[in-house]
Amino acid sequence: MAKQIRMVLIDLSGTLHIDNTVIPGAVEALNRLRNTNIPLKFVTNTTKESSNFLHNRLTRLGFEIKKEEIFSSLAAARRLIVSRKLNPMLLIDSAANEDFEDLVKTNEKINSVVVGLAPNKFHYDELNEAFRLLLNGAQLIAIHKGRYYKRADGLALGPGAFITGLEYSANIKAEVVGKPSAEFFKAALEDIPPEEAIMIGDDVRDDVAGAQAIGIRGLLVQTGKYQEGDENTITPSPTKVCSSFVEAVEYILKKEI
């Protein structure tokens, strides 16, 4: 396998850490993987934090990750907004605002609704304002459509439920820019052929099934949002189910020998 691996894509939340808690052994395992000199990219649907906030968190947790190695759905959404010259209503967490604040034009008509994970904004008044904008022709853009995610106190609703509600009520379909969209994975790979890449993540649909749909091999880790039997819910099944990121790295290293 070693000669065929030209990039490893790695999920962050639930795979390397949960909030401010590191998955046991993840820092050391990442260092071992780096020693192979295989290019790494950290692909994340995290929308609660700006790129600076996220990078600072990972650094504080002990991970040696360059900011330019992080490929996020926030960055993909920003590129889409800029390319289409949109003026969005942002349903995103305040910690992620700095990635978008220069794009909102208060003196122009709002023509899109951009939704990320924003627990403090998922209430009736904000959602109703978004609904009315959609009825008037605004585009609905989902930074991602995750069903749930892992917090320190357990699983929590992701933005998918609220996006689906807006779709249903406004009778439109959201455009999803993050995982598991094929465009997101292709952009992350750049010029690397999918069959020469591996994806490691805790979300069987967004991480593994999304990656495998374009030919990337998927390693599912049993941490974060993983639920027993997840590996049996997708076709094809994950290339490998691993107890954690540590075992996923061991798998790659053994195949390398």
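See the structure above.
Predicted model, so just to flag it, every value in this text is computed and none were measured.

(A) Spatial organisation of the overall build of the protein chain. On a plain count of helices and strands, the protein chain comes out with eight helices and 14 strands. Against the 2.2 N^0.38 benchmark of 18 Å for 257 residues, the protein chain shows a C-alpha radius of gyration of 18 Å, consistent with a compact globule. Principal-axis analysis of the C-alpha atoms gives the protein chain an extent of 60 × 40 × 35 Å. The buried share of the protein chain, reckoned over its 257 residues, is 53%. Carbon together with sulfur atoms contributes 49% to the accessible area of the protein chain, which is approximately 12,100 Å² in total. The average position of the 31 basic charges and that of the 34 acidic charges among the side chains of the protein chain differ by 3 Å.

(B) The side chain of Lys179, seen in detail. On the secondary structure map, Lys179 appears in the loop between strand E11 (175-176) and helix H6 (182-189). In this structure the side chain of Lys179 is engaged in a polar contact, spanning 3.2 Å, whose partner is the backbone oxygen of Val43. At a separation of 2.7 Å, a polar atom in the side chain of Lys179 contacts the side chain of Asp207. In this structure, Lys179 is in contact with Asp11, Val43, Thr44, Asn45, His144, Phe184, Phe185, Met199, Asp206 and Asp207, ignoring residues within four places of it in sequence.

(C) Molecular detail of helix H1 (residues 26-34). Considered for burial, the residues of H1 that qualify are Ala26, Val27, Ala29, Leu30 and Leu33. Along the axis of H1, the buried positions cluster into a sector of 165 degrees, meaning they face one direction only.

(D) Here's a closer look at the packing of aromatic side chains. Evaluated as defined, the whole model comprises three aromatic pairs. Plain terms: the ring middles of Phe71 and Phe184 are 4.9 Å apart, the flat faces sit at 50 degrees to each other, and that makes the pair tilted. In this pair, Phe71 is assigned in strand E5 (residues 70-72) and Phe184 in helix H6, connecting sequence segments 113 residues apart. Assessed through its relative accessible area of 10%, Phe71 is described here as buried. When its relative accessible area of 2% is taken as the criterion, Phe184 is described as buried. Ring centres of Phe122 and Phe162 lie 4.1 Å apart, and the angle between their planes is 15 degrees; this geometry places the pair in the stacked category.

(E) Spatial organisation of the sheet that holds E11. Taken in spatial order, the four strands make up an open sheet running E6-E7-E8-E11, and their pairing is parallel. Unpaired on one side and paired on the other, strand E6 (88-91) and E11 mark the two borders of the sheet. Across four bridges, strand E7 (residues 112-115) lies against strand E8 (residues 139-142) in parallel orientation. Note on E8: the bridge partner recorded for Val113 is Leu140. Across the sheet, helix H4 (residues 124-135) touches E6, E7 and E8, and the angle it forms with E6 is around 150 degrees.

Rules used in this analysis
- Residues numbered from 1 in each chain as written.
- Predicted model: local features only at pLDDT ≥ 70, side-chain atom pairs only at ≥ 80, totals over all residues.
- Heavy atoms only, no water.
- Helix = DSSP H or I, 4+ residues; strand = E, 2+ residues; numbered from the N terminus.
- Rg over C-alpha atoms; globule rule 2.2 N^0.38 Å.
- Buried < 20%, exposed > 50% of the residue type's maximum accessible area, 1.4 Å probe, protein only.
- Areas by Shrake-Rupley, 256 points an atom, 1.4 Å probe, with all protein chains shown as cover.
- Lys, Arg positive; Asp, Glu negative; His and termini not counted.
- Charge placed at Lys NZ, Arg CZ, Asp CG, Glu CD.
- Polar contact = N/O pair within 3.5 Å; in protein donor to acceptor, adjacent residues only side chain to side chain.
- Contact = heavy atoms within 4.5 Å.
- Arc of directions from axis to C-beta.
- Phe/Tyr/Trp six-rings, centres within 6.5 Å; stacked < 30°, edge-to-face > 60°.
- Pairing = 2+ DSSP bridges.
- Axes fitted to C-alpha atoms, helices over the stretch in contact; angles between N-to-C directions.

None of this, on its own, says anything about what the molecule does.
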